[in-house]
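Per-entry structural report
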Amino acid sequence: MLSRALMRVLPSLEKPNALRLSCLSALLAFGAGATAQWQTAGTLQSYEVRSPGELLLHVAGASVRVSAVDEGILRVALTPEGQREARGSWAVLDRDRGNVRAEVSDEGPSIAVTTPLLRLEISKDPLRLRFSDAAGRLLSEDHPEKGMSWTRTEARIWKLARRGERYYGFGEKSGKLERSGTSMSMWNSDIPGYTAETDPLYKSVPFFYASAAGVCYGIFLDNSAWSFFDMGKEGPGEYSFGARHPALVYYLICGPTPREVLERYISLVGRPSLPPLWSLGFQQCRWSYTPESRVREIADGFRSRSIPCDVIYLDIDYMDGYRIFTWNTDAFPNPSGMIRELGAQGFKIAVILDPGIKVDTAYHAYVSGRRQDIFLRYPDGALFTGDVWPGLCAFPDFTDPDARRWWGEQFGELVRTGIRGWWTDMNEPSVFNVPTKTIDRSVVHHGLDTTVSHAIAHNVYGLEMTRATLEGLQEALPEERPFILTRATYAGGQRYAAVWTGDNVASWEHLAIGLRMCLNLSISGFAFVGTDIGGFIGFPSGELFARWLQLGVFTPLMRAHSVINEPDKEPWAWGAEWTAINRETIALRYRLLPYLYTAIYEAASGGSPPMRPMFYDHPQEERFAAEERQFMFGDALLVAPVLKAGATTREVHLPGGLWYDFWTGSDHHGGTTITVDAPLEHIPLFVRAGSTIPMQPLMQYVGERSIDTLTLRVYLARTGRDSSLYYEDDGHSFAYRQGRHFRRQFLQSVGEDSVEIVLGTASGTHRPAARVVQLEAFGVPFPPRSLTLNALAQSVSDSPAFPREGNWSYVSHQGVLRGVFPDTSAEAVILLRR
Ligand code: MIG
C-alpha cells in the first residue's frame with residue numbers, strides 16, 4: 001500500500017515494486033507535497049568539440065550534447081549523471097547526412113555553433129541555449145532560471161516564448177488548433193467517445209511549431225516515454241516540455257515558414273509512403289459485416305445504387321473467436337472465393353488485426369509465438385497476459401526484430417486469400433482488465449540494441465506493429481504498395497501506415513473535432529488521415545452524415561464506419577433524397593482523384609500534406625492564426641465545410657488574391673470575408689486563381705476503366721504566371737521509383753493582350769492510355785481574336801457546350817474557353833490573343 005501512495009507522489013516512477021525502498025527515502029527528502037527534486041543546468045565546467053558540428057558540454061550532474069544534424073536542424077541531448085545517453089531512435093531516420101557545414105567558436109562568456117541557417121549561442125554561466133536564424137532573428141531561448149532541468153525520473157526544458165507566439169502540431173489533439181495557453185501529454189490511450197478535452201489520445205507525435213510575427217520554428221521532442229507540453233498555461237511568457245525519462249533529446253528545426261519546418265521535420269523522421277490509388281477511393285466499414293452474405297449485400301448495395309466504393313472492411317467478427325490470422329468458417333466458409341468474386345465487382349477487402357494473441361495451446365499463432373519466444377514478459381520472466389476481445393492474450397514484442405519477423409511471416413496466408421487492406425487496431429496497446437488499461441510498465445521490451453521497459457516502449461508499440469506489418473507485406477506481396485491503417489502510432493509512423501482518429505461520436509461537435517484532429521495530424525507528418533465518417537458511436541441524422549461525407553471528400557482517407565448495434569449507416573440509409581446527395585458527394589471524390597493523388601504524392605515526396613490549416617500558408621495573418629473551420633486541400637482548393645445543423649450559408653475567409661467558386665465559376669476578390677450559399681447538396685469550395693484542377697470521369701471504383709478524358713479546369717489569375725503539378729503513375733506498384741511516372745507542370749501566363757496555357761512536357765516513362773484533354777479555362781479576360789494550339793490556328797465557336805475533339809468554344813458572358821484535344825506526353829501550348 002505504501003508504494004501506491006508513493007506512486008501518487010512520484011507519478012513518474014517506472015518500476016514501483018523495485019523502487020519501494022528508495023521511494024521511502026525520497027519521500028523523506030522531498031517533504032510532503034513536493035513532487036520531485038529538480039536540478040537545473042548550472043555553470044559550464046568543461047566542454048569538448050567532437051567534430052565541426054558537435055559539442056559535449058558538462059555541468060554539475062549532467063552532460064549536454066549539441067550537434068548539427070544538418071544546416072537547419074540542431075539536436076540537443078540532455079543526459080543526467082547515472083543515465084544512459086539516448087542514442088537510437090524509433091522516429092529519426094538513421095542515415096548519413098554527409099558533412100554538415102557547422103562551426104564552433106568560443107567567444108568567452110559563450111560558445112557559438114553556427115550553420116548557414118542557424119546560430120546557437122550557449123552561455124557558460126549558467127548553461128543556457130539561445131537559437132536564432134541566419135538573419136539574426138531570435139527563435140528560442142532557454143528560460144533564465146529554469147532552463148534545462150531534471151530529477152531522477154524526469155527531465156524538462158523551459159523556454160521563453162516570443163511575443164505573441166502561437167503553437168501548432170502535436171499530432172492527434174482534439175482541442176483547439178492553436179495551442180497557446182494549453183497543456184498536453186503523450187501516452188497512447190484508447191478512449192472511446194473522447195471529447196475536445198480528452199488528452200492524451202491514441203497517438204504520440206511530440207512535435208510542434210512555434211510561430212511569431214511570421215517566423216516559425218519547430219521542436220521535436222524525441223522521447224517515447226510519457227511526455228508533456230505546457231504552452232504557457234503554467235506561466236505566461238514561457239513554455240516547457242519534458243518526459244518521464246530524464247535522458248532527453250530534442251531537435252530545433254529551422255523555418256522560417258511552417259512549410260519549411262514541415263519539410264525539414266519530414267527529412268528527419270521520414271516521408272509518408274505513397275498509397276495505392278484504390279485506397280483513395282471510398283471505403284465502407286462497420287463493426288461488423290458478417291456473415292459473407294451480408295458483405296455481398298453491402299457490395300451489391302453500392303453497385304446497384306451506382307454509389308462508388310473501393311474497399312469493404314471485415315471487423316473483428318470475421319475471426320474464429322477473435323484469434324488473429326484465423327477465420328470464422330461458419331460465417332465465411334470460403335474467404336478466397338468471396339474475395340475473388342467481390343474483386344470482380346471492383347472491391348478490395350481489408351481486415352482488422354489486433355495485437356493480442358489468445359492464450360490457447362490449440363491456436364497456431366500462440367503456439368508458434370511461444371516456441372519462438374516473441375511475447376512480452378515481466379522482468380522476472382513471467383509471461384505478460386491481459387484480457388482483450390479473445391479473452392486472455394499474450395502480446396508480441398513488436399520492438400524486437402525477431403517478433404516483427406514472426407508477425408510478418410503470418411501474412412502469406414491472408415495475402416493468398418486475397419486480402420489487400422490491413423487495419424491495425426487496439427495497438428496503444430489497449431488491455432481491458434487492468435486499471436491502467438494497458439501493458440504493465442515494468443514489462444520488458446527488446447529493441448534498439450537494448451532492453452527497455454514498457455514505460456519507454458509504450459508509445460512506439462503501435463508504430464512497431466505497423467512496421468512489422470509493412471515488413472511482412474514486403475515479403476508476402478513485394479510488387480504491391482500496401483495499405484495499412486492504424487489507430488496508434490508515434491512520430492514518423494507515416495512511413496508505415498495511414499491513420500484514423502479512433503472512436504469518435506455521431507455529433508456536430510465531433511465533425512469539428514475531427515477536422516481539427518486531421519489538420520493537427522497532417523502538419524505533424526501524417527498526411528494520410530481521416531475520421532470515422534458519420535461518427536463511430538451513436539447514430540447521425542441524414543443531414544449530419546451528408547455534411548460529414550462532404551468533408552470526407554477532402555480528408556485523404558474517406559472511410560465511413562460504425563460501432564456494433566447501431567442501425568445501418570451506409571450512404572443510402574436515410575432515404576432517397578439523402579442517398580442522391582451522398583451519391584453525388586462520393587462521385588465528386590472520384591472525379592477529383594487525379595487532383596487528390598497529386599496532393600498525396602506531394603506529401604509522399606517530402607512536401608506538404610493535402611490538408612493544411614490556414615495559418616500554414618499565411619503565418620503572418622492574424623485572422624488565420626486560430627482558423628480551424630476552413631482549410632486548404634493541396635495548393636489550389638479552399639474547403640469550407642458546413643459544421644452546423646440547419647445551416648444553408650456559411651462565412652468564408654478568403655486569403656489575398658483571386659478566388660473562384662468551384663460550383664458556379666464566379667470569382668471573388670481575396671482578403672475578404674464572404675457569406676456563401678451552402679445548400680445541402682454540396683460543400684462550399686473555392687479555387688485559387690492560378691491553379692489547374694485535373695479531374696477524371698466518374699467511375700464506380702478505381703481502375704474500372706481507363707481514363708479516356710482528362711478534364712483540366714484552368715482558373716486564370718488576372719495577371720502573371722503560375723503553375724500546378726500533375727502526377728500520375730500505375731497507381732499500385734513501386735515502378736514509379738524507377739521513373740515509371742507521368743509528371744508535368746500546368747502553366748499559365750496572363751498578360752495584357754495574351755493568355756498562354758501550357759501543359760508541360762511529361763517526365764517519366766509511364767504512359768497513360770490514349771485519351772483527350774477536355775480543357776475549361778475560367779476568367780478568360782477577352783474574346784480571343786486568335787487561338788493557336790502548338791502554333792496551329794484553331795477555330796472558336798460560341799457554343800456553351802463542350803465542343804467535339806479538335807474544336808474550341810468561347811462564351812463571352814462567362815469568360816469561359818473550352819476545347820478538346822488529344823493528350824500526349826509532349827508539351828501543348830495554347831495561346832490566345834486579344
Ligand atoms: O474495443 O474492432 O476503434 O474502429 O470497430 C473496440 C472493434 C475495438 C475499436 C476501433 C473500432 C473497431 C472496434 N475496436
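Check the entry above for the structure.
To start, this report covers the structure provided alongside it. (Residues numbered from 1 in each chain as written. Predicted model: local features only at pLDDT ≥ 70, side-chain atom pairs only at ≥ 80, totals over all residues. Heavy atoms only, no water.)

A word on the sheet that holds strand β36 (residues 637-639)
Strand order in the open sheet formed by 6 strands is β34-β35-β36-β41-β38-β39, and the pairing between neighbours is antiparallel. Looking at the sheet topology across the chains shown, the edges are occupied by β34 (611-613) and β39 (667-669). When the angles between neighbouring strand axes are averaged without regard to direction, this sheet yields 35 degrees. Relative to β39, strand β38 (residues 658-661) runs antiparallel, the two sharing 3 bridges. Along β39, the bridge assignment pairs Tyr660 with Asp667. Where helix α11 (residues 508-522) meets the sheet, it contacts β34 and β35 (631-633), and its direction lies at approximately 100 degrees from that of β34. (Pairing = 2+ DSSP bridges. Helix = DSSP H or I, 4+ residues; strand = E, 2+ residues; numbered from the N terminus. Axes fitted to C-alpha atoms, helices over the stretch in contact; angles between N-to-C directions. Contact = heavy atoms within 4.5 Å.)

Structural notes on the side chain of Asp310
Relative to the helices and strands, Asp310 resides in the loop between α4 (292-304) and β21 (311-314). No salt bridge is formed by the buried Asp310; the nearest opposite charge belongs to Lys348, separated by 5.1 Å. For Asp310, the side chain forms a polar contact with the side chain of Tyr590, separated by 2.7 Å. Residues in contact with Asp310, not counting those within four places in the same chain, are Trp278, Gly281, Phe282, Gly346, Phe347, Lys348, Tyr590, Tyr701 and Val702. (Buried < 20%, exposed > 50% of the residue type's maximum accessible area, 1.4 Å probe, protein only. Lys, Arg positive; Asp, Glu negative; His and termini not counted. Salt bridge = Lys/Arg side-chain N within 4 Å of Asp/Glu carboxyl O. Polar contact = N/O pair within 3.5 Å; in protein donor to acceptor, adjacent residues only side chain to side chain.)

Some words on the site of the ligand
Within the structure, the ligand sits among 13 residues, and Asp315, Asp425, Arg487, Asp503 and His561 are positioned closest to it. A distance of 2.9 Å separates an oxygen atom of the ligand from a polar atom in the side chain of His561. Alone, the ligand offers 350 Å² of accessible surface; in the complex the protein occludes 95% of this. Classifying every residue of the shell around the ligand gives 8 nonpolar, 1 polar and 4 charged. (Near = heavy atom within 4 Å. Areas by Shrake-Rupley, 256 points an atom, 1.4 Å probe, with all protein chains shown as cover. Nonpolar A, V, L, I, M, F, W, Y, C, P; charged D, E, K, R; others polar.)

Thoughts on the environment of Ser240
Structurally, Ser240 can be placed in strand β18 (residues 238-243). Overall, the relative accessible area of 1% leaves Ser240 in the buried class. When neighbours within four sequence positions are excluded, Ser240 is seen to be in contact with Arg156, Ile157, Trp158, Phe228, Phe229, Asp230 and Met231. In this structure the side chain of Ser240 is engaged in a polar contact, spanning 3.0 Å, whose partner is the side chain of Arg156.

Structural notes on unusual backbone geometry
Most peptide bonds are trans, and most residues other than glycine sit at a negative phi. Cis geometry is adopted by the peptide bond preceding Ser288, which originates at Trp287 and carries an omega value of -10 degrees. Its location among the elements puts Ser288 in the loop between β20 (283-284) and α4. Here the amide bond leading from Glu428 into Pro429 is cis, since omega sits at -5 degrees, within 30 degrees of zero. Tracing the sequence through the fold places Pro429 in the loop between β26 (421-424) and β27 (444-447). Phi is positive for Ala791, close to 70 degrees, though the residue is something other than glycine. What makes Ala791 exposed here is its relative accessible area of 68%.

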